[in-house]
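# Architecture at a glance
Take a look at the letters that make up each chain.
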Amino acid sequence: MTDLFSSINLGDLSLSNRLVRSATAERMADENGRPRGALTDLYTGLVAGGVGLIITGHMYIDPSGKCHPEMTGIHTDALIPPLTALANAVHRSGGRVAVQINHGGMQCSPEAVAEAVAPSHIEADFLTQPARAMRADEIKATIEAYANAARRAKLAGFDAVQLHGAHGYLISQFLSPFTNRRNDGWGGDLEGRMRFLREVCGAVREAVGPAFPLFIKLGMFDGVDGGLALEDGVQVVAALEGMGLDGVEVSGGIDATSSRTGIRSPEEEAYFRPLAQAAQTATQLPVMLVGGLRSRAVMEEVLTSGDAQLISLCRPLICEPDLPLRLQAGQARAACISANRCWPREPGEGIACHCDVRVEPLGTY
Ligand SMILES: Cc1cc2nc3c(=O)[nH]c(=O)nc-3n(C[C@H](O)[C@H](O)[C@H](O)COP(=O)(O)O)c2cc1C
């Protein structure tokens, strides 16, 4: 049996246990993307709660890719000092922290960008505004922006970088035939749609050097008609090691379906486990599984089966930042009821659990 609390090395990165805080947009930055003090408190609280690795909420690599107000930025060298302070605070508390870097593309709200861009012109019900097709020079500049963001993450002292390649953000938009209808070498067949990811990985790797841990959160399918199919997602996973990546967190859904609601039984947990199983057939890289992991028994069964090497949690750690210690002390499952009531109700508030009902923590459903 693989114990949730056994250590693991991801390249040069040593983690004391298998529990990862999946990237969670905290909405705790000012209008220039500068993290507020509340974010430091949140991270040191997570370290005190026993999590092995924190992955920050997505940070925007360029103002054109800012997804929503209060998103943290990593788009300018001016943010290196506050980001250094954040990484230092985590390290002083004994924790490990990776930065998730992102460009929102079509998923940037009108409050954050005047005009959203995407691989192709796109209008869809789940978007807050239509997106314009990117020019080739904008694509090249965006690849450079990813590389510069990764360089800043390393300079600021973070332990790793994770590319956001899921949930319908820019990398996922390039992979998807639903949002990428280009015929200029950046689209077309799967290899053409993978070109953007390939070039981002190459530029980022060059910026951080050969040994710095580099991960991706990958959407392995879109879940919309005409979108990325799982068989293509598996091909992307198979290509990741060759792109210089050190690990993959598997997720899916191009719209809001990545955070499924109402998980109440062991059968409803780990809803992306089939993705992890498919990923294991295609890569030797360590796999992190996210999506509805709630009970220690299911988490350990996933690890023991070899379907994943790490367990990633988002909403449960908003509800109970000390969940790792609680599980270790005998609590059977997270109190989170997966209602998705985590978003701030007002600007300045930041994410928090707003559910008045929780699963009885010591119960087994
Ligand atoms: C409030 C909130 C913010 C999120 N922010 C991000 C993010 O910044 N980057 C990301 O990759 N996923 C983000 N997600 C998705 C989660 O990381 C995770 O994939 C999803 O919620 C399923 O995991 P869970 O069942 O443990 O919550 C967010 C989800 C929520 C509820």
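Small disclaimer: the values here were computed from a predicted structure and weren't measured.

At Arg27, a residue that is not glycine, the phi angle is positive and equals roughly 55 degrees. Residues other than glycine seldom take positive phi values, yet Ser338 does so here, at roughly 55 degrees. Of note, Ser338 is situated in the segment after α10 (323-328).

For strand β11 (residues 247-251), the tally of buried residues reaches five of five residues, placing the bulk of the element in the interior. Both faces of β11 are covered, namely the face carrying Gly247, Glu249 and Ser251 and the face carrying Val248 and Val250. With five bridges joining them, strand β10 (residues 214-219) and β11 adopt parallel strand pairing. If you follow Phe215 over to β11, its bridge partner there is Gly247. The sheet contact formed by β11 and strand β12 (residues 287-290) spans three bridges and is parallel. Looking at the pairing, Glu249 lines up with Met288 of β12. Handedness of the crossover is the feature at issue here: the chain leaves β11, passes through helix α7 (residues 273-280), returns alongside β12, and the resulting connection is right-handed.

The next point concerns the site of the ligand. The environment of the ligand is formed by 22 residues, the closest being Ala23, Ala25, Ser259, Gly292 and Arg315. Burial of the ligand by the protein amounts to 96% of the accessible area it has alone, namely 610 Å². Here the shell around the ligand is composed, by residue class, of eight nonpolar, 11 polar and three charged.

Basis of the calculations
- Residues numbered from 1 in each chain as written.
- Predicted model: local features only at pLDDT ≥ 70, side-chain atom pairs only at ≥ 80, totals over all residues.
- Heavy atoms only, no water.
- Helix = DSSP H or I, 4+ residues; strand = E, 2+ residues; numbered from the N terminus.
- Buried < 20%, exposed > 50% of the residue type's maximum accessible area, 1.4 Å probe, protein only.
- Pairing = 2+ DSSP bridges.
- Right-handed = clockwise from strand over helix to strand, strands pointing away.
- Near = heavy atom within 4 Å.
- Areas by Shrake-Rupley, 256 points an atom, 1.4 Å probe, with all protein chains shown as cover.
- Nonpolar A, V, L, I, M, F, W, Y, C, P; charged D, E, K, R; others polar.

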